[in-house]
Each structure stands twice: as structure tokens, then as C-alpha cells.
Amino acid sequence: MRLRAEYLVGSDLKFLGNLDMMNLMSRAMRRAGIPFALSEGFNPHIKLSMGTVLPVGVWGDKEYFDLELTQDMDPNEFMKKMNHVLPLEMEIKQCVKIDEKEPALMKIINAASYTFILKLIDHGYFDISDRIMSQNELLVRSRGKQKGIDKDLRPGIFKITVNFQQESVMISIWVNVGEPVNVRYDELLELLEDYGIEREEVVDIFRSGNFIRAGNLFYSPFEKVS
Amino acid sequence: MKDKIFRDILPNVSKPARYTGSEVNIIKKDWNRSRIKMAFAFPDVYEVGMSHVGSKILYGLINEKSDHLLERVYAPWPDMERELRRHEIPLFALESFRPLSEFDVIGFTLQYELAITNVLNMLDMAGIPLWSKDRHEQFPLVIAGGPVVFNPEPYADFIDVFLLGDGEEVLTEFLDCCWDNQHLKRQDRLLKLASIEGIYVPSLYNVKYNEDRTFSQITPLIASVPHTIKKRVVIDLDNAYFPDKPVLPYMTIVHDRAVLEVMRGCQRGCRFCHAGMVYRPVRERSIETLKRQADQQLASTGYDEIGLTSLSTLDYSGVDSLVKDLVKKYREQGTGVSLPSLRVDAFSIELANEVQKVRKTTLTLAPEAGTQRMRDMINKNVTEEQLLEAVKAAFKSGWLSIKLYFMDGLPGETDADLEGILDLLKKVRTLGDEHARKKVEIRASIASFVPKAHTPFQWQRQNTIQELEEKRRVLTRSKMKRIRMSFHDSRTSFLEGVLSRGDRRLAVPIHLAWQKGSKFDGWSEYFNFSRWMEAFRDSDIDPDFYTSRLRSYDEILPWDFIDTGVSKAYLQNENEKAAAGITTGDCRWDGCSGCGICPAYEIDLDIKEEIGR
């Protein structure tokens, strides 16, 4: 049996690396007594596959993993048992049974949204989306594989929304994940800086979603299961 | 405070998960409702400190079983230190994020001599005066324990109170005494504390030296203060506290597994071994207790590996059935068992094979010396035949790489003993060629012998750096295929030697070395030898005085007033037997060797299972 889960990685846990996150989840499964399936070989590990890596320093509101079980288990029961043992700042928010043939998260997730929370300062935030999206080219220093080389983010940015709250502003940017342009959150920070938003104004950053993009539509990994 | 650290500091440092706290099984006690507030300070980086079993025991013991509070703090890595100092944030504890200066007690564990510079650095980062005499009423008491403080003297000017022996036996009593006497002035509180067995308050003693710079005497300044300090011992280890819910780190640590302490102490009697002498007597836990502890730890942590720890795990009387039972019970869940360095015999290999059913680990053996003559001198009761038999068994059962531990610079060592190491390595490789299915890889790790206080070799001279370098040249003269040798830094060993048999006069150069920038001296990337040599020069201290001098039996040693329960007469006799090449048997089957520990604590060997040879 196979499960797909959506979970929260809270602010206290935003400094964990990907391996740390895998260990945290695997150990929670052992504590919860989940009937997980193990891989073969000299170092057996739980057949757990995580979605795209959550960058260190960023918390995640909707992250995903798939898990193989050796016996049937009610997804709600799984959720209940896991949430009982998970640390305070981590929570499984949804869980469904998926088909064994369903493609892996890593293969289908091709977009993500990052949200930047800024201190509300008298400032021209309201048109930042237009100002950015009207450009043909958005050059930043690449932070990824080709470190330091100029990289054009424009083809990897799909939309930008701005939400005004009482004392803050939330700017969410929907970006491409993987080929052809993988957009990183630190590159977005530089982009925002180029458009007049200082580093000190950014009080929090999180990944607000992971998506399967089809044209202008963004589906969550839950909406795309058969 | 926490918000500021998360927002402004942690994004700029390596491995920020070292400093976030809030791990699974963390205990956050109510500050205002707790009695004495103690910060347990480990003078090394998080992933090293979190692996230390003693810390896990004391953390659980004080927080679960007493009304006091114990929080954790580790040495910040230099990048973190830089950030904290830049933002003027004092060193804080991981549970409450409170600065160390708000605690009543700061307790350091000294696992390694060179950690002392990190102790000073951590105090400095906390805004606490480094010298004991400068800490007035409002400052926390700074205490220290751990194996290194069996010779506390080099650190005596920095530490208010030393705790000697098994921490779980004395720490609660210490904290209770602090609570009961909190209305007293610092000086009077220290006097109260000094009356507890196992507690040493250095400021209550006067130290004298002879004309020839040797140690003359240490005397109490006040009549009620004891002349000798007797270490504390947990008599009934089986019923002693052990944590069922250890803190589970988020990041990978050095020993990232559930841990069972199968026994404490070792009776093998290797003459160079500090731990083997100071942690006597041998006390075992029962198989039932250990199996219950394994169950509870796995349930509370979700670890997929159980490590069996002690000074010589393969000597634990119940090791065979314990390992087999654990493997059988947890195999289905993919949870394995790991053994530390193995004993050199075929039984060990058989057990290692048992462990391999679940997870692959490296095979490590410690013959320590290359010739029978030298192994007899150090009382490492292993023959070449036993070693080769063990290695052969390992290759036959599929191991392809073996790691061997050796020492050089041992008393009476000649070139023949060094050649012996090389010959042994070649013989091991030949066995691999004959019995393994593929080409084998042999790794040899060679440490320099450092004479330690309270051991039979405490009178011996240590090889100089030049002598050790020459020996290294002999050992690496010809390249050997598929044999890789690694060496400990001889300069680090030298400094370790100075501190391990040092006295109070070393406080000045230690302080100077720290001032010049020494910290993380156990890490080769930070260790700077010339800084230390400058510190010795500037303080007019000759470090060779502590290392390269053969001490006479008449000499009063700076650590003689610390009573480990092992008699000085026994140590002297062992040193004599070493010179004569006579071995001493294992007291479990060869009869009492007369070390004195059992009568000192009115106990017998505490062995749980029937043992055959």
C-alpha cells in the first residue's frame, strides 16, 4: 500500500537539511509503529520518498512525501499516529492512499511558490508584480549549479501576488522547479532587492506550496492523483 | 532572544541545527519553579557533545529525578562565535535561550585535556570571569567533572569545584547542598560543598613546590577540609538511573544511535590505559535491564541502531546472548546492533558476523603493539596467533577491510617493535589474499603513547616530538600496497602529555594560549602548536619538565591526593612488572591482582552472567 502525505515544516525546523528531514520523518515512523516497507540490501531504509528539497533557512507550509507500507492502514489513522509523535512544529495535514503506479513526487512536482513577509513600510509594493512581470529579462547571480554566472529568472517566474495585512505585506512568487530554469528563493531575494525591497524588510520567508503546473493552472500533488 | 538568533544569526552560520534546540525529548523545566539552575556545558561542538553518554545520563537524572534544572550548552563553532560576539549576544543554553550568567552553576565535562581552552572561551563568551578568584557573589559556580579531572591541578585556578568519579552518584547531592546553603556567602558555600565525598574545592588548598620544581605538597587551608579526595562510585549499576528518553538531535551526530552502557570499568589491566584504571571496578548491567532499556529507547527515539558501549564490550559477561536476542528481536524492523572496537579473538568475529545480519559496519581490532615483547610489557594480553586467527575468521566470513589500532612511543620501545607493526600488517594482508574473495584493504591508525596520571606508566618519560617523528619515518620508510597508515599529530600528543601530568603552575600558559587565540585544540584545523609554545615561553614554564622526565617513585605527584581506589603500590608493581616483561592476568579468572579497588569500596566484582574462558 502507498500513502501520500502533506505536511508542515514549522519555523523552528527551518534550519534542517534534507537528510535531517528524512531522518526526522523515518524516526517518527518508527516511534509511531507505522508498518513501513524497507528496502533490501546492507543498509535497509524506510521506503520514503520526499518531494523537492526544502531549502535550509526556509520553512514549508505544504510539503509532501510518499510512503510504502507492508500492510493496509487507514490514512487518518496514519495521520493521527504520526502527529502524536512528531515535534510541535511539524504536522501531517492531509494524507491519502495512492495507486502503486502513481509517478514519484520528484518526477511530477515542477513548480513552487515562495512567500516573503515584509514589514509594511510606506513603499510602492502594490505594483511590484507588474514591474517585474513586464520585463523580458530578469538577471541575477546564479546561486545554483553555475554559481556566480548571470542567470535570467524571467522564464521561470509565472506569477506574483501581493497581499496587504495589518502590519505586513506578503509577496508570493510562483516559480519553476527543475528544467529549464530552476528558481531558488535566495535568487528571488536578490531580485526583490533589485526592485527596491531591502533585506532588512524581509522578516520571514516560507515555501507556501509545491505544484504540478499545466499551462496557467497549478495543481497540488493531491489534486493530481487518480 | 530566540527570534533574534533565528532571524539575524543562524542564516549566516554553518550547521545552524546545532543551535536551535527544541529537539524531540528535550526537557524544558519551569525556570521559576526549579531549585538550582545548572547549565551542563560540553566544551566541544554539538555533534560531539550530543554523542556523550555521561551527559545523557546527567541530563535525564537531574531533570527527571530532582527539583533542580539542567540545560545544555555546547561550544559554538568559530563562525557562530564570531556572529554572537558581533551581535553582543552572550552564550546561551539550548532549552531556555537564557544566558549562562543567569544560571547558578555552570558544569563542564572534561573528556579530553585540550578541551580546556574551549572551557575558557565559553566562559568568556558568557561574560563570566575565567579565574575562580575573580568570580564574586553574583557569578555562577563553575564546576568540572569527567576523566580528565582525576588530575585536576592544571585547571584548579579556573574551576571552583571539581566532582570526582561517577557523576550520577554525586551531582544531585552537590545541587541539593547548593540549594540548602544558597543563603550563605560564596566562600562559606564552598566550604560546605568541600565536605561532600568526591568533591574537591581547589581554592581551599595551598600548594608547595620543591627547589627542583617538583611537587612538594598540597594542604587544606582549613582543618575541616579533607586531605585526600576519594572518587565516587555507583555500586549498583544495574539499578542506577539510565535515560529511556534521550534527546534526539535533528542533525546527524557522531554516534547517532540508541546507546546501552552494558558495563562500567574494565579489569583487563592494560598498563597504559587511563580509563581502565580510574573507572574501576567492573560493574555490569543485567541482560533483562539492557533489553528493557533498548525497548524504551527505541520507542522514544525511533533510532534504527543500538550501540553497545563500555570500555571493553566484548568482555561483558552477557554479550553473546544480548547481541543475539537484540538482533533477533529488531531485525524485522531493520534495526541493527553495533559493537565498538572488538576484542582480538575468534569469538569477537563470530559476534561481529551476527551483527552483520542487519547492517554493515567496519571491523576494528586493537593489538596496540607489534611484538609479543611489547604487548607483554603493556599487558595487552593478546598473542599474534590470536590476532591472526581473528583476522582469518573475518576474511573468511566476507569482511574486506580491517582497521587496526597501534601505539608507538611506548616505554622501552625499539626499532624491532616498530618493525613488528609492519610485519604484522603484512601478515594480515597475506591472510586477506589467501582467504578473502577480493583484494583487502588494511588501515592502521597509530597513536603516540601519552603517560597518564593514575596509571602504572605515570612515572615513565614520554617520547619527544623528535623521537616520535623519527619513529614515524621508520614506519613509513617503504610504501606498502593496500596498507594505509594514519598517525596522530605528535605535537598534540605532546601537549596532552604536559596537561595530563601537570600541576597548578600550568594555569598561566593555558590562559595565555587562550588569549593568543587557542580554541578547538582537538581539531587539527584549529590546533596551533607555536601559539602554545609561545605561551610556555612567555610564562617561563618548560613543558618538557612534565613530559620527558623519568619520575622517581619517591616523587610526590600532584595528583596523589586524588584517591581512585587503585593503590599506588599496585601501580608501582605493575610498572616494575612491565619492565620485566611479566603480564598480569585478568582478575575475573586469574585471581585477584590486588589493585585495591574492591576493599576500598567494600565490594566484589559485579559480573552478571556465568563466564567461561
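**Points about the overall build of chain A**
Line of reasoning, step 1. Each helix and strand in chain A was counted, giving five helices and 11 strands.
Line of reasoning, step 2. On C-alpha atoms alone, chain A measures out to a radius of gyration of 19 Å, which is about the 17 Å that the 2.2 N^0.38 rule sets for 226 residues.
Line of reasoning, step 3. With respect to the principal axes defined by its C-alpha atoms, chain A has extents near 55 × 35 × 30 Å.
Line of reasoning, step 4. Looking at chain A as a whole, 32% of its 226 residues are labelled buried.
Line of reasoning, step 5. When contacts within chain A are restricted to residue pairs at least 6 apart in sequence, long-range pairs at least 24 apart make up 74% of them.

**Considerations on the overall build of chain B**
Line of reasoning, step 1. Each helix and strand in chain B was counted, giving 21 helices and 19 strands.
Line of reasoning, step 2. Taking 613 residues into account, the globule formula puts the C-alpha radius of gyration at 25 Å, and chain B, at 24 Å, falls close to it.
Line of reasoning, step 3. Taken over the C-alpha atoms alone, chain B extends approximately 70 × 65 × 50 Å along its principal axes.
Line of reasoning, step 4. Within chain B, the fraction of its 613 residues that count as buried is 49%.
Line of reasoning, step 5. Sequence separation of 24 or more characterises 76% of the internal contacts of chain B that already satisfy a separation of 6 or more.

**Digging into the packing of helix α13 (residues 384-396) of chain B against helix α14 (residues 415-435) of chain B**
Residue and element names in this part refer to chain B.
Line of reasoning, step 1. The geometry of α13 relative to α14 is characterised by a closest axis approach of 9 Å and an angle of 35° between their N-to-C directions. Our pair here, α13 against α14, has a crossing hand that is right-handed. In this structure, α13 contributes E384, L388, V391, K392, F395 and K396 to the contact, and α14 contributes L424, K427, V428, L431, G432 and H435.

**Observations concerning the sheet that holds strand β10 (residues 258-261) of chain B**
Residue and element names in this part refer to chain B.
Line of reasoning, step 1. Sheet architecture is open: three strands sit in the order β10-β13-β14, paired in parallel fashion. Here the strands that pair on one side only, and so sit at the sheet edges, are β10 and β14 (336-338). The mean angle between the axes of side-by-side strands here comes to 25°, regardless of whether they run parallel or antiparallel.
Line of reasoning, step 2. In this structure, β10 lies alongside strand β13 (residues 305-309), joined through four bridges in parallel fashion. Counted as the bridge partner of A258 is I306 from β13.
Line of reasoning, step 3. Sheet contacts for helix α9 (residues 287-301): β10 and β13; angle to β10, the most-contacted strand, approximately 160°.

**Concerning the sheet that holds strand β17 (residues 441-448) of chain B**
All names here are of chain B.
Line of reasoning, step 1. Strand order in this open sheet of four strands is β15-β16-β17-β18, and the pairing throughout is parallel. Whereas interior strands pair on both sides, the edge strands pair on one side only; in this sheet they are β15 (363-368) and β18 (483-487). Adjacent strand axes in the sheet meet at a mean angle of 20°, parallel and antiparallel pairs treated alike.
Line of reasoning, step 2. Where strand β16 (residues 401-408) lies against β17, eight bridges are found, and the strand directions are parallel. Bridging from a neighbouring strand, K403 pairs with R443 of β17.

**Regarding α9 of chain B**
Residue and element names in this part refer to chain B.
Line of reasoning, step 1. Compared with the 21 Å implied by 1.5 Å per residue over 15 residues, the 21 Å span of α9 between its first and last C-alpha is a close match.
Line of reasoning, step 2. Within the span of α9, buried status applies to L290, A294, Q297, L298 and T301. The arc that holds the buried residues of α9, viewed along the axis, is 95°, so those residues lie on one side.
Line of reasoning, step 3. Backbone geometry just after α9 places G302 at a positive phi near 80°.

**Structural notes on the domain arrangement of chain B**
Residue and element names in this part refer to chain B.
Line of reasoning, step 1. Under the domain assignment used here, chain B contains domain 1 (2-230) and domain 2 (257-488 + 552-601).
Line of reasoning, step 2. Listed by partner, the interface residues are 16 residues for domain 1 and 18 residues for domain 2.
Line of reasoning, step 3. Taken together, the elements giving at least two residues each to the side of domain 1 that touches domain 2 come down to β8 (215-220) and β9 (229-230).
Line of reasoning, step 4. The element best represented in the side of domain 1 that touches domain 2 is β8, accounting for four residues.
Line of reasoning, step 5. Broken down by class, the residue content of the side of domain 1 that touches domain 2 amounts to seven nonpolar, seven polar and two charged.

**As for the packing of helix α3 (residues 53-65) of chain B against helix α6 (residues 167-180) of chain B**
Residues and elements named next belong to chain B.
Line of reasoning, step 1. Contact geometry of α3 with α6 gives a least axis separation of 10 Å together with a crossing angle of 40°. Taken together, the axis directions place α3 and α6 in an arrangement best described as oblique. Of the two elements, α3 crosses α6, and the hand of that crossing is right-handed. For the pair formed by α3 and α6, the contact residues are G54, I57, L58, L61 and I62 on the first element and G167, E168, L171, T172 and L175 on the second.

**Some details on unusual backbone geometry**
Line of reasoning, step 1. With an omega dihedral of 0°, the bond running from E179 of chain A to P180 of chain A counts as a cis peptide bond.
Line of reasoning, step 2. Inspection of the secondary structure puts P180 of chain A in the loop between β9 (168-176) and α5 (185-194).
Line of reasoning, step 3. In this chain, R280 of chain B is followed by P281 of chain B through a cis amide linkage whose omega measures -5°.
Line of reasoning, step 4. If you check the backbone angles, E368 of chain B has positive phi at about 65° while not being a glycine.
Line of reasoning, step 5. Counting through the fold element by element, E368 of chain B comes out in strand β15.
Line of reasoning, step 6. A residue is classified by how many C-beta atoms lie within 10 Å of it, and E368 of chain B, with 23 of them, is buried.

**With respect to the domain arrangement of chain A**
All names here are of chain A.
Line of reasoning, step 1. Under the domain assignment used here, chain A contains domain 1 (2-106) and domain 2 (109-219).
Line of reasoning, step 2. Once you take the C-alpha centre of each, domain 1 and domain 2 turn out to be 27 Å apart.
Line of reasoning, step 3. Breaking the side of domain 1 that touches domain 2 down by element, the ones donating at least two residues are β3 (59-68) and α3 (105-108).
Line of reasoning, step 4. No other element matches β3, which puts six residues into the side of domain 1 that touches domain 2.

**Details of the interface of chain B and chain A**
Line of reasoning, step 1. Counting residues at the interface gives 21 residues for chain B, matched by 17 residues for chain A.
Line of reasoning, step 2. Split by residue class, the side of chain B that touches chain A holds 10 nonpolar, eight polar and three charged.

**A closer look at the environment of E305 of chain B**
Residues and elements named next belong to chain B.
Line of reasoning, step 1. On the secondary structure map, E305 appears in strand β13.
Line of reasoning, step 2. C-beta crowding within 10 Å serves as the criterion here: with 19 such atoms nearby, E305 is assigned to the partly exposed category.
Line of reasoning, step 3. For the pair E305 and I199, spaced 106 residues apart in the sequence, the C-alpha separation amounts to 37 Å.

**Considerations on the pairing of strand β2 (residues 69-74) of chain B**
Residue and element names in this part refer to chain B.
Line of reasoning, step 1. Among the six residues of β2, six are classified as buried, and the element is accordingly described as predominantly covered.
Line of reasoning, step 2. Burial along β2 is two-sided: the face carrying L69, E71 and V73 and the face carrying L70, R72 and Y74 are both buried.
Line of reasoning, step 3. Pairing of strand β1 (residues 37-42) with β2, which is carried by six bridges, proceeds in the parallel orientation. Opposite A39, over in β2, you have E71 as the bridge partner.

**Focus: the environment of Q187 of chain B**
Line of reasoning, step 1. Turning to its location among the elements, Q187 of chain B is positioned in helix α7 (residues 186-193).
Line of reasoning, step 2. Residue classification places Q187 of chain B among the exposed positions, given that 11 C-beta atoms sit within 10 Å.

**Thoughts on α3 of chain B**
Line of reasoning, step 1. The first and last C-alpha atoms of α3 of chain B sit 18 Å apart over 13 residues, in line with the 18 Å expected at 1.5 Å per residue.
Line of reasoning, step 2. Packed against the buried residues of α3 of chain B are β1, α2 (46-49), β2, β3 (105-109) and α6 of chain B.

**Some details on the confidence of the model for chain B**
Line of reasoning, step 1. Chain-level pLDDT for chain B is 95 on average; 99% of the residues reach the 70-or-more range.
Line of reasoning, step 2. The ipTM assigned to the predicted complex is 0.89, against a pTM of 0.95.

**Overview of the pairing of β18 of chain B**
Two faces belong to every sheet, and in a regular strand the side chains alternate between them.
Residue and element names in this part refer to chain B.
Line of reasoning, step 1. In this sheet, β18 lies alongside β17 in parallel orientation, the contact comprising five bridges. Counted as the bridge partner of S445 is S486 from β18.
Line of reasoning, step 2. What joins β17 to β18 is helix α15 (residues 465-475), and the crossover it makes is right-handed.

**A closer look at the nonpolar core**
Line of reasoning, step 1. By size, the foremost hydrophobic cluster in this structure holds 161 residues, and its most contacted members are M38 and L100 of chain B.
Line of reasoning, step 2. Of the domains in this structure, domain 1 (2-230) and domain 2 (257-488 + 552-601) of chain B are the two that each give at least three residues to this core.
Line of reasoning, step 3. Once residues within four sequence positions are removed from consideration, M38 of chain B is found in contact with I62, H68, L69, L70, F103, D104, V105, G107 and L175 of chain B.
Line of reasoning, step 4. A5, V58, M82 and I92 of chain A belong to the second-largest nonpolar core, a separate cluster that totals 59 residues.

Definitions and cut-offs
Residues numbered from 1 in each chain as written. Chains lettered and ligands numbered in written order. Predicted model: local features only at pLDDT ≥ 70, side-chain atom pairs only at ≥ 80, totals over all residues. Helix = DSSP H or I, 4+ residues; strand = E, 2+ residues; numbered from the N terminus. Rg over C-alpha atoms; globule rule 2.2 N^0.38 Å. Buried ≥ 20, exposed ≤ 12 C-beta atoms within 10 Å, placed from the backbone. Contact = placed C-beta atoms within 7 Å. Axes fitted to C-alpha atoms, helices over the stretch in contact; angles between N-to-C directions. Left-handed = near helix turned anticlockwise from the far one by under 90°. Pairing = 2+ DSSP bridges. Expected span 1.5 Å × (residues − 1). Arc of directions from axis to C-beta. Domains from an automatic or database assignment. Nonpolar A, V, L, I, M, F, W, Y, C, P; charged D, E, K, R; others polar. Parallel < 35°, antiparallel > 145°, perpendicular 65-115°, else oblique. pLDDT = per-residue confidence, 0-100. Right-handed = clockwise from strand over helix to strand, strands pointing away. Core = buried A, V, L, I, M, F, W, Y, C linked by C-beta atoms within 7 Å.

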